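Architecture at a glance
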Amino acid sequence: MLAFNVDDSRLTAIADEFAASPKQIDMAFGRALNRTAGTLRKLSVAGLKTELGLRTTTALRNRIKQYKYSGRRGRGVRVWIGSNDLPLSAFKGRPQKTATGVKFGDVEIHGAFLATRGGKRGVYQRVGNASFPIASVSLPVSDRIMTFIEDNVFVDLESIFFKNFAADIKARTIYGVGK
């Protein structure tokens, strides 16, 4: 889990610039946290779609969630990223049958086969020694997801948060939003 600590002096400087009350600061802080988490979620989904070579973002949108929490240590937002294996059907490309299994892009899956099941064509593997049961093939993506998010998404965390905080303080003090 990656943690982010907010610099109180920057928050105070932004609040003093617009003469914000403590209640306005507190409300702007909460909204900035939520908007920052939402922005990180959107950046993650959009970037990972191209990084992993996915057909759609559906598989990722279901795996990236944001949660609000509050406790003794204060309040915050968590962005949860599910990094378990993705089904082969989520990726761009077409599987090809080979002598030893199935080739998908640059990945060779030994012992796999192409089959139509439930009206959908897919890549499957046998689970045991018998003909059935069979299971859909999935590819591991955990390392690629975490590397991309740490290197490309969370580097902008501080600037995104303070941009959201400044915009919200400005809207609350100048335009009277949230009264």
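The sections below set out a description of the structure shown in this document. Keep in mind the model is a prediction, meaning the values are calculated, not measured. (Residues numbered from 1 in each chain as written. Predicted model: local features only at pLDDT ≥ 70, side-chain atom pairs only at ≥ 80, totals over all residues. Heavy atoms only, no water.)

It is worth spelling out the pattern of salt bridges at this point. A full pass over the atoms with the stated rule returns three salt bridges. In this structure, arginine 10 and glutamate 158 form a salt bridge, with 2.9 Å as the shortest nitrogen-oxygen distance. One end of the pair, arginine 10, is in helix H1 (residues 8-17); the other, glutamate 158, is in helix H5 (residues 157-173), with 148 residues separating them in the sequence. The exposure class of arginine 10 is partly exposed, given its relative accessible area of 37%. A residue is classified by how much of its surface remains accessible, and glutamate 158, at 38% relative accessible area, is partly exposed. (Salt bridge = Lys/Arg side-chain N within 4 Å of Asp/Glu carboxyl O. Helix = DSSP H or I, 4+ residues; strand = E, 2+ residues; numbered from the N terminus. Buried < 20%, exposed > 50% of the residue type's maximum accessible area, 1.4 Å probe, protein only.)

On to the nonpolar core. Core analysis: the largest hydrophobic core is formed by 27 residues, its most contacted members being Leu48, Leu52, Leu54, Leu86, Phe91, Ile145 and Ile149. When residues of this core are traced back to their parent elements, those giving at least two are helix H2 (22-52), helix H3 (58-61), strand E5 (101-104), helix H4 (142-153) and H5. Contact partners of leucine 48, with chain neighbours within four places excluded, come to Gly53, Leu54, Leu60, Ile64, Ile145, Phe148 and Ile149. Leu33, Phe161, Phe162 and Ile169 belong to the second-largest nonpolar core, a separate cluster that totals 12 residues. (Core = buried A, V, L, I, M, F, W, Y, C linked by side-chain atoms within 4.5 Å. Contact = heavy atoms within 4.5 Å.)

Axis separation between H1 and H5 bottoms out at 10 Å; the angle between their running directions is 25 degrees. Accordingly, the angle class assigned to the pair H1 and H5 is roughly parallel. Pair H1 / H5 crosses with right-handed handedness. Here Arg10, Leu11 and Ile14 of H1 lie close against H5, whose contacting residues are Glu158, Phe161, Phe162, Phe165, Ala166 and Ile169. Residue classes in the contact of H1 with H5 are distributed as seven nonpolar, no polar and two charged. (Axes fitted to C-alpha atoms, helices over the stretch in contact; angles between N-to-C directions. Parallel < 35°, antiparallel > 145°, perpendicular 65-115°, else oblique. Left-handed = near helix turned anticlockwise from the far one by under 90°. Nonpolar A, V, L, I, M, F, W, Y, C, P; charged D, E, K, R; others polar.)

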